[in-house]
Structures are given as structure tokens and as C-alpha cells.
Amino acid sequence: MPVQPKKQVTPPSEDKRWRLVDATMRRYNYRPNALIETLHTIQDTFGYLDKPGLQYVARALRVPYSRVFGVATFYNYFTMKPPGEHTCLVCLGTACYIKGSGELMAELERALGIKAGETTADGKVSLLAVRCIGSCGLAPAGVVDGQVLPKVTATQMLQHLKDGKA
Ligand code: FES
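From a predicted model like this one, the values you see are computed outputs, not experimental measurements. (Residues numbered from 1 in each chain as written. Predicted model: local features only at pLDDT ≥ 70, side-chain atom pairs only at ≥ 80, totals over all residues. Heavy atoms only, no water.)

Draft legend 1. Structural detail: the pairing of strand β1 (residues 86-91). For β1, a buried count of six out of six residues is recorded, marking the element as mostly surrounded by other parts of the structure. Two strands pair when backbone bridges link them, and β1 and strand β2 (residues 125-130) are joined in this way by six bridges, in the parallel orientation. Across the sheet, C91 pairs through a bridge with V130, a residue of β2. Sheet analysis places β1 next to strand β3 (residues 142-144), joined by three bridges and oriented antiparallel. Among the inter-strand pairings, V90 is bridged to a residue of β3, identified as G142. (Buried < 20%, exposed > 50% of the residue type's maximum accessible area, 1.4 Å probe, protein only. Helix = DSSP H or I, 4+ residues; strand = E, 2+ residues; numbered from the N terminus. Pairing = 2+ DSSP bridges.)

Draft legend 2. Examining the state of the cysteines more closely. Enumeration according to the criterion identifies zero disulfides in this entry. For C88, which is in no disulfide, the shortest distance to another cysteine sulfur is to C91 and amounts to 13 Å. (Disulfide = S-S within 2.5 Å.)

Draft legend 3. Fine view of the packing of helix α1 (residues 17-27) against helix α2 (residues 35-46). Viewed as axis vectors pointing N to C, α1 and α2 meet at an angle of 160 degrees, and their least axial separation amounts to 9 Å. When the interaxial angle is binned, α1 and α2 end up roughly antiparallel. Handedness of the α1/α2 crossing: right-handed. When α1 is examined against α2, the residues R17, W18, L20, V21, T24, M25 and R27 are found in contact with a partner set consisting of E37, T38, T41, I42, T45 and F46. (Axes fitted to C-alpha atoms, helices over the stretch in contact; angles between N-to-C directions. Parallel < 35°, antiparallel > 145°, perpendicular 65-115°, else oblique. Left-handed = near helix turned anticlockwise from the far one by under 90°. Contact = heavy atoms within 4.5 Å.)

Draft legend 4. Main features of the side chain of T41. Tracing the backbone shows T41 in helix α2. With near-sequence residues (within four places) excluded, T41 lies in contact with L20, V21 and T24.

Draft legend 5. Representation of the layout of surface pockets. Its boundaries defined by the atoms lining it, the largest pocket holds a volume of some 210 Å³. Considering the residues around the largest pocket, the lining is formed by 16 residues, among which S13, W18, F46, Y48 and D50 are closest to the centre. Counting only elements with at least two residues in the lining of the largest pocket, the list comes to α1, α2, α3 (51-61) and β1. Residues that form the lining of the largest pocket fall into these classes: eight nonpolar, four polar and four charged. (1 Å grid on protein atoms, 1.4 Å probe; cavity = no way out; pocket = protein on both sides within 12 Å on 5 of 7 lines; lining within 4 Å. Points joined across faces, edges and corners; volume = space filled by probe spheres on them. Nonpolar A, V, L, I, M, F, W, Y, C, P; charged D, E, K, R; others polar.)

Draft legend 6. Representation of the sheet that holds β2 within the structure. Across the sheet, four strands lie side by side as β2-β1-β3-β4; this open sheet has mixed pairing. At either end of the open sheet lies a strand with only one pairing partner, and these are β2 and β4 (147-149). When strand polarity is set aside, the average angle formed by the axes of neighbouring strands in this sheet is 20 degrees. Its contacts with the sheet place α2 against β1 and β2, and it is angled at close to 115 degrees to β2.

So, in C-alpha cells, the structure goes:
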């Protein structure tokens, strides 16, 4: 009997990065063996995995949540939601890098006094690098607390953090 594509379930938010996650699952026809690749896509585009994301993947691939959680926590490559109250992501994918995201990240590291992958000592901000968030036309792209910021500067990202009371 031919394998039917699984019925899509609704992503945790309107964030366009879920389309990239969906594309990965679709490539595998929503089969359970898409699990690791799908978690990779989430890690690369969001910078971390969190419970709503894992629940979404579990439903979409029809895999028990316990298994998804087990895989997510077993591999060192995957990071569960960073400890910072706010998250500040810089896309270091090729298109963004060409448009200066390397310098953008360096400026944010200087301003926040931390390196990519770290959280400020007061626990307010986690700074993360991601690979490509699927918004290459908006390069350099950054994301503050889930909001994608097109053609962004370090000053703008810091302002968004400030507005979010970071
Ligand atoms: S490389 Fe940054 S959005 Fe694609």
C-alpha cells in the first residue's frame, strides 16, 4: 500500500522559519526517520529546541514525544532553550555573512560582553548564531525574541532588546 503523506499539523507560531522545518519533514514524506534531520533544521534556524517545537515535530511525524525529547537531549549538537530571558540570534549563513553579519555578531559580542552561544551574567540575554533562517533576501538578518529583523544593524538589535526590557 502506498505511504500517504501525513496530515500537516499547525506549527507552534507564525514564524516563517517553521516553513523550513516543514520542508525538511516533507522531504521525508513526514516519516519518523525525518526526526534527526528535522531537529537539525530547528537547531540551525532557531538556534535551539524548545518544548513547543519538539511537540510539533512529534505530532507531525507521529513519533512519541518521549522519543523526540530523548533524541534532542542525547546529542550534544542540540541545545535546549537557552537560559537567557531574551534571545538574540544572528544569521551567519552565506548570504548574511556576505552582507556583514560577521561584523554584526562581533559588535553584539562587544556590546553584550559575551561570545556567541553564551548568556549574559545577569541571565537577561542569550546570543546565538544560526545558519540560514530562509530570509536571505533580508540579509543581514537577525532575530530578537522570535521577531525577524531585516537588514539589521547591531544598534537596532540592541534597541529591540531594550524595548523588550532586556
Ligand atoms: S543566509 Fe541568512 S537568511 Fe539565509
